[in-house]
Amino acid sequence: MPLHSTISHLVTRRRGVVWLGVALLVAASVFVLVTHMRLDTEVLNLLPRGFESVEGLKVYNRDFAQVRELTFALVAQPQDVDRLEEFAPQFAESLRQQPWCARVLAGSPLETPDGVADLQKMAVPLLLNLEPATFEETLAALRPDKIRERLRRLHDEIDAGSPRPQFELMLDPLGVIAPALKPFASNASIEEDQPLTSPDRTMRVFITVTNQPSIGAFECQKLMREVNAFCATARQGWDGGPLEVLVTGRSAYVGEISLSMRHDIIITVLGSIVLVGGVFFIGFGRWLPLIGMGFSLLLCCLVAIAAGLLIFGELNMVTVGFCAILIGLGVDFAILIFGRYQQARDDGSDHAEAVGEAVKNLGKAVFFGALTTAVGFMALVLSNSAGFTQLGVLIAIGIFLAGLFMMSVFFLFVPEATTPLRNDWIFALVKRYVRATVRRPGTVLWIAVPLLLSLTGIAVSPKPRLIFDASTESMEPKSSEAGYALHTIMDKMPTRWEPAIGIVRAQNAQELHDYWQKVAAHWSQAQSNGKIRSFSTPAALALSPQREAANRETLHTLDVPAARQALETAVAEEGFSAETFDSGFTLLDELARIAQPEAPIPDWRSLLPKASSWWFLVDRFFAHDPLLTTGFVTTNEPITTQEQKQMLTRELPVAGVPMTLSGWSFTLTDLIPWSHRQLILISAMMAVFECGLLALLYRDWRLWLIHIATLIFSVTAMIATMKLLHLPLNLLNVLAFRLVLAVGVDYGIYVLLVWQKARQLDHDVAGVVKPVILAGLTAVSGFGALGLANNPTLAGLGIACGVGIFWSLAATVFFTLPAAAAAEPKSWREESLQTRVKYTEHV
C-alpha cells in the first residue's frame, strides 16, 4: 500500500490507534519536562565559543566575587545636593542592616577609622613584600634616633597648625606603613577609577555584596524581591525633593531576565496562536481544523522541548522563542495540506480520498520544505553559540515533527462531513490573479521587477548605511530597571565606562608576583605613551615568597627592644598620648615575632575582617582561587571600534605572561568580524546548498534560475527595508539572513512543484497560491510576535525574519509566478487554462 494510502487509512479508519500513539508521546514528553526541566539564564551563553575574550568574560563572571555585587544609586535634584550628602550615611547604614547585605562600600576605606585599622593589620605582609633595598631603607626608620627625630618633627608641625600630622599619627605612627602601602595605593585607587559621587554631586553610589547562596534565576528573583522592598522604604528620613533609588548588578539583571522569560513565553506563544489562528480562520472559515492545527503545533513544541532537554540537559533563555517561531513555520504545512484537502473535497472526493490526495500531491513539497527550513535552522550550530545552537536544533526537530503531524494527527480533527465554503472570496481573488498573470505575465513583471531592482540597488548602495549595533545595550532586556539604573550612573559619571580586563592565572605565588610585576611595568609604559588612560593591578597584593624570605633575614638586624624603648621615651618627652601609638607598639611586637625563623608569616587575607570595605578592592582583583587574578585598563575613550580593540590587543599583552583580554565592550567589539562572517560566509553556504537542492528538485534550468532570482530579490529587499526603516542588526540577529533563505525558498518550491504537475493552471496553481499566501502571513505573524518579547535578541531576530519572509512571499507571488508563466509560449498558457494538460507532458 502506498504511503499516502497508509496514512489515509490510519487517520480515517484506525483513529483509536493514532490517538493512543499521541497519548503515549504526550505522556513521555511531560515526564521528561517534569524530571529534566532546567533553564539557563546566562546571557554569555548567547555569545559564540572559541573566542578568548568570551571565555575570559565567562571566567570573570563565574569565578570572581563581583557577580554578587549590587550597585545602588541615589539621584537627587540639583537644589538638594547638601541634603543628599547628609542623607547618604543614613542610607548606607540602612543597607548594612539588611539581612541580604554582607558589606557596603559608601566611600574610600581610608576615610573611616575602621578602614585605617584594617589597613594597618595588613602592614607586616606588605612590608615584607618590598624590594630588599627599599625594605632596608624602611627598617632604618625604626632606629632609635630616627624615631625620636620623627616624633619631634610631628610635634612641631602640630604646633604650627598643620592637620597632616594628625592623619600620619593615626595611620602610620612609626613611618614604616606608608612605604609598605605605597605600591598598594598607587595601583589600587577605588575612587579614581570608580568614583562614588557624580561631578555635579546629584548622585551618590553605594556598592554592596550580597550573601545569596548562588546566582541562579530563582535565588536572584528572591533577592530582588527583598531588595525592591527595601528600595520602597529607603526614602524614610529624606526631606528634600524627588529622590530616585536605583539598583543594578548581575543579580538584578538575572532576576529581570528570568522573569521576562516567562513573559516572553506567554506573550509570544499567545500572540502567535491568536495571529496565526486568525489568518487560518479568515482563509478557511473552519474552527475544528483550526483547533487540530493548534493541537498539532503544541504537540510539536512539547516533543521538541523534551528532545532538547534530553540532548542538551538545559535550555537557554533564547530558546523561549522556539515555540513562537515553530508555530509561525509549522502552520504552513497545515494550511497547505488543508487547502489541498479542501480542494479535493470541492472536486467531489470523499474524506479518505481527499486525505490521500492531499498527502500524495503535497507530501514531496512538505518534505523538501521541512528539509530546507531544518537545514537553515541547523546552520545555527555553526554560530558556536550555545543558545542559538539549541534554538536551531529544537526548531529543526520541531519542523520535521510539524510536517509529520500535519499529515497525520491534524486530520483527526477534520470531520468527514466537510461542506465546501459558500463564498471562498480569497480563492476567487487568487484564481483571478493567477488567470490574469498566466495570460499577461509581462504586466505584473513590469511593476514587480523595477521595484525589486530598486530595492536591490538600495541594498548594495553604501548609503543609507545598514545600522550595525555592537553595543552592550543591544543585549539588554527592554524596559529594564537594572539597565536604566546602569545607564543613569554612566551618564552621570562619564568616567565610569567599561574597562578592558586582563586575566592572569599562575601556578604558584611567586609566579603570580613575577607576572604582575612585568604587567604593571609594561602598562605603566603604555600609560606614559598615551595608549591608555589609567590602570590598576593586584601587583601590590601578589606577594613574593622570595622577597619575604630575603627581607626576613634582613629583619634580624633590627634591634626591636631598642626601638620600643626609644618610642616609649619619645612619646613621653613630646607629650603624646600613649594610646595614639598602640598600633606602633603592636607593629614592633609583630616584627619581633616574624624575625623568629619558626614563626609563620600570616596570610594578609586572614587579617582582614569579613565586613571590611577593603574586600571590595581585594575581590575586584582576586577570584575565589587566589592564583586567578585580573587587572583593569581604562581606555582614553569607551571601546567601540575595531581599531581600539586591535590597539589594546597589541599594547597590553606582555611577553612570557599568559593573559586573556576581555571585558564586555572589548568582547562585543571583538565579535564584530565574527558577526560579519556569519552574515556573508554561512549565508553563502546556505545559498549553495539551496541552489543544488533546487537543481535536483526541478531539473529545469528555467525554473531553477527563476527561483534563484527570487531568493536574491528577497534578501536584497529585506536589507533595503532595514536600511530605510533604520532597523538595526546586532551580533545575533544577523542569523536572520540564513533563516530567510531557508524559509523563503519553501514558498517557491510549493508553487513551482504544483506548476510542474498542474493540469489546469488557474485551478491547480490557485489552489496552492492561496495556502502559500496564508502560510506566508502566518509566518510573518509568528516571527512578528517575537517583537513583543522583552529579550531584544529574540525581538530583533523576530522583526528581521518577519521582514525577510514578507519579501520572500511578495517575490514568490509577484515575481516567481509571472516569471514562470513568461518562460512559456503564449499559446501553451492559453491552452493550459482551458484543458488539463500536465506541464511535464508539455516539456
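Residues numbered from 1 in each chain as written. Predicted model: local features only at pLDDT ≥ 70, side-chain atom pairs only at ≥ 80, totals over all residues. Heavy atoms only, no water.

Engineer: Would you take a moment to explain the overall build of the protein for this structure?
Structural biologist: Along its length, the protein carries 35 helices and 12 strands. Taken over 843 residues, the protein has a buried fraction of 57%. Taking as baseline every contact in the protein between residues at least 6 positions apart, the subset at least 24 positions apart corresponds to 82%. Here the protein has roughly 34800 Å² of accessible surface; of this, 60% comes from carbon and sulfur atoms. (Helix = DSSP H or I, 4+ residues; strand = E, 2+ residues; numbered from the N terminus. Buried < 20%, exposed > 50% of the residue type's maximum accessible area, 1.4 Å probe, protein only. Contact = heavy atoms within 4.5 Å. Areas by Shrake-Rupley, 256 points an atom, 1.4 Å probe, with all protein chains shown as cover.)

Engineer: Mind showing me how you'd approach the pairing of strand E3 (residues 101–105) here?
Structural biologist: A large share of E3 lies buried, amounting to 4 of its 5 residues. Across 4 bridges, the pairing between E3 and strand E4 (residues 203–210) is antiparallel. Across the sheet, residue Cys-101 finds its bridge partner in E4, namely Thr-210. (Pairing = 2+ DSSP bridges.)

Engineer: Got a minute to help me understand the sheet that holds strand E8 (residues 500–505) in this structure?
Structural biologist: Sheet strands line up and pair through hydrogen bonds in the backbone, either parallel or antiparallel. With antiparallel pairing, the 4 strands of this open sheet are ordered in space as E9-E10-E8-E11. In this open sheet, the two edge strands, each paired with only one partner strand, are strand E9 (534–536) and strand E11 (659–662). Put simply, the sheet's adjacent strands are angled 20 degrees from each other on average, direction ignored. Pairing between E8 and E11: 4 bridges, direction antiparallel. Among the inter-strand pairings, Ile-503 is bridged to a residue of E11, identified as Thr-660. Packed onto the sheet, helix H3 (residues 52–63) meets E8, strand E10 (628–634) and E11 and runs at close to 90 degrees relative to E11. (Axes fitted to C-alpha atoms, helices over the stretch in contact; angles between N-to-C directions.)

Engineer: It is not clear to me how helix H7 (residues 132–140) should be interpreted in this structure. Could you clarify?
Structural biologist: Each α-helix winds once per 3.6 residues, and so residues spaced three or four apart point in a common direction. Listing the buried residues of H7 in full gives Phe-135, Thr-138 and Leu-139. All buried residues of H7 lie within an arc of 100 degrees about the axis, which places them on one face of the element. (Arc of directions from axis to C-beta.)

Engineer: I keep staring at the nonpolar core and nothing clicks. Help me out?
Structural biologist: One recurring pattern in soluble globular proteins: nonpolar side chains tend to sit buried together. Formed by 122 residues in total, the largest nonpolar core has its most connected members in Met-293, Phe-411 and Tyr-747. The element contributing the most residues to this core is helix H31 (residues 736–757), with 15 residues. For Tyr-747, the residues in contact, after removing those within four places along its chain, are Asp-332, Val-772, Ala-775, Gly-776, Ala-779, Ile-805, Ser-808, Leu-809 and Thr-812. With 79 residues, the next largest nonpolar core counts Ala-123, Ala-506, Ala-595 and Trp-604 among its residues. (Core = buried A, V, L, I, M, F, W, Y, C linked by side-chain atoms within 4.5 Å.)

Engineer: Mind showing me how you'd approach the packing of aromatic side chains here?
Structural biologist: For any two aromatic rings, the description comes down to two numbers: the centre-to-centre distance and the angle of the planes. Tallying each qualifying case throughout the model produces 24 aromatic pairs. Judged by centre distance (5.2 Å) and plane angle (85 degrees), the ring pair of Phe-713 and Phe-815 falls under edge-to-face. Taken together, the residues Phe-713 in helix H30 (residues 701–724) and Phe-815 in helix H33 (residues 792–822) connect sequence positions 102 residues apart. Every member of this aromatic cluster is reached through a ring pair, and the members are Phe-72, Phe-87, Phe-91, Trp-100, Phe-206, Phe-230 and Trp-238. Above the face of the Phe-616 ring, Arg-103 is positioned so that its terminal group lies 5.9 Å from the ring centre. A cation over an aromatic ring shows up here: Arg-620 above the ring of Phe-632, its NZ or CZ 4.3 Å from the ring centre. (Phe/Tyr/Trp six-rings, centres within 6.5 Å; stacked < 30°, edge-to-face > 60°. Lys NZ or Arg CZ within 6 Å of the ring centre and 35° of its normal.)

Engineer: How do you make sense of the confidence of the model for the protein when you look at a structure like this?
Structural biologist: Low-pLDDT portions of the prediction should not be read for the details of their coordinates. The share of residues in the protein with pLDDT of 70 or more is 89%, and the mean pLDDT across the chain is 81. Every residue in residues 836–843 scores below 50 in pLDDT, and together they form 24 contacts with partners more than four places removed in sequence or on other chains. (pLDDT = per-residue confidence, 0-100.)

Engineer: Which parts of the structure should I look at to understand the packing of helix H2 (residues 15–36) against helix H14 (residues 288–312)?
Structural biologist: Relative orientation and spacing of two packed helices are given, respectively, by the angle between their axes and the distance between those axes. Here H2 crosses H14 at 45 degrees, and the two axes come no closer than 9 Å. Considering their axes alone, H2 and H14 lie oblique with respect to each other. Crossing of H2 over H14 shows left-handed handedness. Seen from H2, the contacting residues are Trp-19, Val-22, Leu-25, Val-26, Ser-29, Val-30, Val-32, Leu-33 and His-36; seen from H14, they are Phe-295, Leu-299, Leu-302, Val-303, Ile-305, Ala-306, Leu-309 and Leu-310. (Parallel < 35°, antiparallel > 145°, perpendicular 65-115°, else oblique. Left-handed = near helix turned anticlockwise from the far one by under 90°.)

Engineer: I would appreciate a short explanation of the sheet that holds strand E5 (residues 244–249) in the present structure.
Structural biologist: In spatial order, the strands read E3-E4-E2-E5; together these 4 strands make up an open sheet with antiparallel pairing. Strands with a single pairing partner mark the edges of an open sheet, and in this sheet they are E3 and E5. Sheet twist, expressed as the mean angle between neighbouring strand axes with direction ignored, is 25 degrees. In terms of strand pairing, strand E2 (residues 69–75) meets E4 through 7 bridges, oriented antiparallel. When the bridges of E4 are listed, Leu-74 appears paired with Arg-204. Sitting on the sheet, helix H12 (residues 217–233) touches E2, E4 and E5, and the angle it makes with E2 is about 20 degrees. Each of E2, E4 and E5 is contacted by helix H20 (residues 481–492), which is oriented at about 105 degrees to E5, the strand it contacts most.

Engineer: Even after reading the chapter, I still don't get a nonpolar patch on the surface, so can you show me in this structure?
Structural biologist: A grouping of Ile-266, Ile-267, Leu-270, Ile-273, Leu-298 and Leu-788 is seen on the molecular surface, where their side chains present a nonpolar patch of about 510 Å² in accessible area. With 4 residues, helix H13 (residues 250–284) is the largest single contributor of residues to the nonpolar patch. Counting through the fold element by element, Ile-266 comes out in helix H13. Ile-266 gets classed as partly exposed once you look at its relative accessible area, which sits at 44%. (Patch = residues over 30% accessible without salt bridge, like charges linked within 9 Å, V, L, I, M, F, W, Y side chains within 5 Å. Salt bridge = Lys/Arg side-chain N within 4 Å of Asp/Glu carboxyl O.)

Engineer: Would you take a moment to explain the side chain of Ser-662 for this structure?
Structural biologist: Relative to the elements of secondary structure, Ser-662 occurs in strand E11. A polar contact of 3.4 Å, which involves the side chain of Ser-662, links it to the side chain of Thr-667. Here Ser-662 is in contact with Ser-53, Gly-56, Leu-57, Ala-500, Ile-501 and Thr-667, once residues within four sequence places are set aside. (Polar contact = N/O pair within 3.5 Å; in protein donor to acceptor, adjacent residues only side chain to side chain.)

Engineer: It is not clear to me how the pattern of salt bridges should be interpreted in this structure. Could you clarify?
Structural biologist: Proximity of charged atoms lets side chains of opposite charge pair with each other. Overall, the coordinates contain 21 salt bridges when judged by the stated rule. Between Asp-145 and Arg-143 there is a salt bridge, with its nearest N and O atoms 3.6 Å apart. Asp-145 sits in the partly exposed class, given a relative accessible area of 38%. Classification of Arg-143 by relative accessible area gives partly exposed; the value is 41%. Of the charged contacts in the structure, one is a salt bridge between Arg-650 and Glu-651, with a shortest N-O distance of 4.0 Å. The exposure class of Arg-650 is exposed, given its relative accessible area of 55%.

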